[in-house]
Amino acid sequence: MTKDNLHPFSEAILSWYSSNARDLPWRQTQDPYVIWLSEIILQQTRVAQGLPYFHKLLNTFPTINHLAEADEALLFRNWQGLGYYSRARNLHKTAKLIAQKYHGLFPQTYHELVKLPGIGPYTAAAIASFSFGEAVPVVDGNVFRILARYFGIEIDIMQSSARKEFTEIAQQLIPTDYAATFNQAIMEFGSLQCSPVPNCGTCPLRLSCVAFETQRTQLLPNKSKSKAPRNRYFNYFIVVQRNKFLVRMRADKDIWQGLWEFVQHETLQVAELPDAIGPFENLLTFPTTELQAPAKHLLSHQRIFTRAWLIQVPDNVNIPVPENFQWMDAQDFENCGKPVLILNLITDNLVLHEWLHE
DNA sequence: AATTCGGGGAT
DNA sequence: ATCCCAGAATT
């Protein structure tokens, strides 16, 4: 579609955007590295939450070569608190791939971009359109919501077949000559105007919107409910000796891969102080005191109940260090990426807080 | 096709 | 409490 035969929907979206666009930093560039970085950060993440990370990461890794040559631990430390940590791992993987096999230059088409680690249909379309002007539609949560309402589409957007249907519609709507602006505009429209609780009173499209006409804006998009999160019970043991802490990096196929934590013992229900802790023989013979722990740490798919104990090992005792564990001093532990649950555990306890923040 | 990956803000 | 966020990878 060109400018001369725009769908009324597209014309209205572009017009609305010209007077309602926010001034966001990644809209001031076409540099694919900057666009890519911002899009990975913004996956399932609100603008307000991602914004400080965008500035911090771009400052720490100004170019893709900086990122490619960086220690992955530094990336995880900078990603700390943002969640979905596989994004950081794939970011590094793709940076190295582009630096080495693409001579530091991004591929310029949707088809090539979508092959890269961490870049799926949405992000490939975003980079291809914003950086290179390719007329491929972004289909994110905003686009699902707007199109479902405007065209009265009843399909459950949680079904994987839904993406295909919405992408085909969006492809019909995207102006060939204004692909980047249209993609920015439709997402901005979804964020500010056709939001989950819509502002139909001021909407320029309400007279042609099926959901508004049929009073179904509350029912669309049709989204099946996600199942209830499962409960987990994490027991942490902060083992300290000579100002060092027994810690490990999580590497199992589980949450928080690549992040660091204290000795952990998971139970099937709220646990009392156990007789033994996994691979550790006699830790509990040393002075042990319970610490205040986050009562409940909420993830989108898990509820984690936590108890924590401080175990102070006398200087002259030799503790065998199990596989994957190591003694680490406060300075080194500070530089490790940690789950927010661990950060809260530290913050909530004065002694830990003083030990671990200088 | 369904599940798993975080964390926070708005309602 | 519930929803949802500029989704992607894995099962």
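What you see is a predicted model, and the numbers here were worked out from it, not measured in a lab. (Residues numbered from 1 in each chain as written. Chains lettered and ligands numbered in written order. Predicted model: local features only at pLDDT ≥ 70, side-chain atom pairs only at ≥ 80, totals over all residues. Heavy atoms only, no water.)

Q: Help me understand the protein's contact with DNA strand C in this model?
A: What surrounds DNA strand C is a group of 29 residues, the closest being Glu-39, Gly-118, Tyr-122, Thr-123 and Arg-145. Protein-adjacent atoms of DNA strand C, using a 4 Å cutoff, are sugar or phosphate at a proportion of 61%. Between Thr-123 and DNA strand C, the recorded distance is 2.7 Å, taken from a side-chain N or O atom to a phosphate oxygen. Contact distances for DNA strand C include 3.4 Å between a base nitrogen and a side-chain N or O atom of Gln-184. Breaking the surface near DNA strand C down by element, the ones donating at least two residues are α2 (32-42), α8 (121-132), α9 (141-151) and α11 (179-192). (Near = heavy atom within 4 Å. Polar contact = N/O pair within 3.5 Å; in protein donor to acceptor, adjacent residues only side chain to side chain. Helix = DSSP H or I, 4+ residues; strand = E, 2+ residues; numbered from the N terminus.)

Q: Even after reading the chapter, I still don't get the side chain of Glu-188, so can you show me in this structure?
A: Locating Glu-188 in the fold gives a position in helix α11. With residues near it in sequence (within four places) discarded, Glu-188 still touches Trp-16, Tyr-17, Asn-20, Ala-21, Arg-22, Arg-27 and Gln-193. (Contact = heavy atoms within 4.5 Å.)

Q: Quick question: what am I supposed to make of unusual backbone geometry here?
A: Both trends apply: most residues other than glycine have a negative phi, and most peptide bonds are in trans. Of the consecutive residues Leu-220 and Pro-221, the connecting peptide bond is found in the cis state with omega at 0 degrees. With respect to the secondary-structure elements, Pro-221 resides in the loop between α12 (210-213) and β1 (230-241). A positive phi angle, near 55 degrees, is found at His-103, a position not held by glycine. Summarising the element assignment, His-103 is placed in the loop between α6 (86-101) and α7 (110-113).

Q: Teacher, can you tell me more about the packing of aromatic side chains here?
A: Note on aromatic pairs: each is described by the distance of the centres and the angle between the planes. Counted according to the given criterion, the structure contains 15 aromatic pairs. With a centroid separation of 5.1 Å and an interplanar angle of 85 degrees, the aromatic rings of Trp-16 and Phe-189 are classed as edge-to-face. Remark: Phe-189 occurs in helix α11 and Trp-16 occurs in helix α1 (residues 8-20); sequence separation between them is 173 residues. Residue Trp-16 is classed as buried on the basis of its relative accessible area of 8%. Measuring from centroid to centroid gives 6.4 Å for Phe-245 and Phe-262, while their planes differ by 55 degrees, and the two rings are tilted. Of the two residues, Phe-245 is situated in strand β2 (residues 244-249) and Phe-262 in strand β3 (residues 260-267); the sequence distance between them amounts to 17 residues. Given a relative accessible area of 0%, Phe-262 falls into the buried group. The structure contains a cluster of three or more aromatic residues connected by ring pairs, namely Phe-245, Phe-262, Phe-333 and Trp-355. (Phe/Tyr/Trp six-rings, centres within 6.5 Å; stacked < 30°, edge-to-face > 60°. Buried < 20%, exposed > 50% of the residue type's maximum accessible area, 1.4 Å probe, protein only.)

Q: Would you mind showing me how to read the nonpolar core here?
A: Side chains that are nonpolar tend, in soluble globular proteins, to be buried together. Of all hydrophobic cores here, the largest spans 99 residues; its most connected members are Phe-9, Trp-36 and Phe-262. When residues in this core are grouped by element, the largest group, 8 residues, is from α2. The two domains that each donate at least three residues to this core are domain 1 (3-213) and domain 2 (230-356). Beyond its immediate sequence surroundings of up to four residues, Phe-9 is in contact with Ile-146, Leu-147, Tyr-150, Leu-173, Phe-182, Ile-186 and Leu-205. Core analysis: the second largest hydrophobic core is formed by 13 residues, Ile-277, Phe-280, Ile-311 and Ile-319 among them. (Core = buried A, V, L, I, M, F, W, Y, C linked by side-chain atoms within 4.5 Å. Domains from an automatic or database assignment.)

Q: What exactly am I supposed to notice about the domain arrangement of chain A here?
A: For interface size, the figure often reported is the accessible area lost on association. Along its sequence, chain A is carved into domain 1 (3-213) and domain 2 (230-356). Spacing between the C-alpha centres of domain 1 and domain 2 amounts to 38 Å. Listed by partner, the interface residues are 8 residues for domain 1 and 12 residues for domain 2. Of the roughly 730 Å² buried where domain 1 meets domain 2, counting both sides, 52% is carbon and sulfur surface. Per-residue buried area on domain 1 facing domain 2 is highest for Arg-77, Gln-80 and Tyr-85; these three make up 60% of the total on that side. (Buried area = accessible area lost by both parts, 1.4 Å probe.)

Q: When you look at the pairing of strand β6 (residues 302-312) in this model, what are you seeing that I'm missing?
A: Put simply, side chains in a regular strand alternate between the two faces of the sheet. Of all the 11 residues making up β6, 8 are buried; the element is thus mostly covered by neighbouring parts of the structure. In the sheet, β1 pairs with β6 via 11 bridges, with the strands oriented parallel. Paired with Asn-231 across the strands is Arg-303, a residue of β6. For strand β4 (residues 288-291) and β6, the ladder comprises 4 bridges, and the chain directions are antiparallel. Paired with Thr-288 across the strands is Ile-311, a residue of β6. Pairing geometry for strand β5 (residues 297-298) and β6, over 2 bridges, is antiparallel. The residue of β6 that forms the bridge with His-297 is Ile-304. Two successive antiparallel strands, β5 and β6, enclose a turn made up of 3 residues. (Pairing = 2+ DSSP bridges.)

Q: What is the right way to look at the protein's contact with DNA strand B in this model?
A: DNA strand B sits among 23 residues. The nearest are Gln-44, Gly-83, Tyr-84, Ile-255 and Trp-256. Of everything in DNA strand B that lies within 4 Å of the protein, sugar and phosphate atoms constitute 54%. Within the side chain of Tyr-85, an N or O atom sits 3.0 Å from a phosphate oxygen of DNA strand B. One of the side-chain nitrogen or oxygen atoms of Lys-227 is found 3.4 Å away from a phosphate oxygen of DNA strand B. Looking at the surface near DNA strand B residue by residue, the class counts come to 8 nonpolar, 11 polar and 4 charged. (Nonpolar A, V, L, I, M, F, W, Y, C, P; charged D, E, K, R; others polar.)

Q: Sorry if this is basic, but what is going on with the state of the cysteines here?
A: What is meant by a disulfide is a covalent connection between two cysteines, made through their sulfur atoms. A full pass over the atoms with the stated rule returns 0 disulfides. Cys-194 takes part in no disulfide bond, and the closest cysteine sulfur to it belongs to Cys-209, at a distance of 6.4 Å. (Disulfide = S-S within 2.5 Å.)

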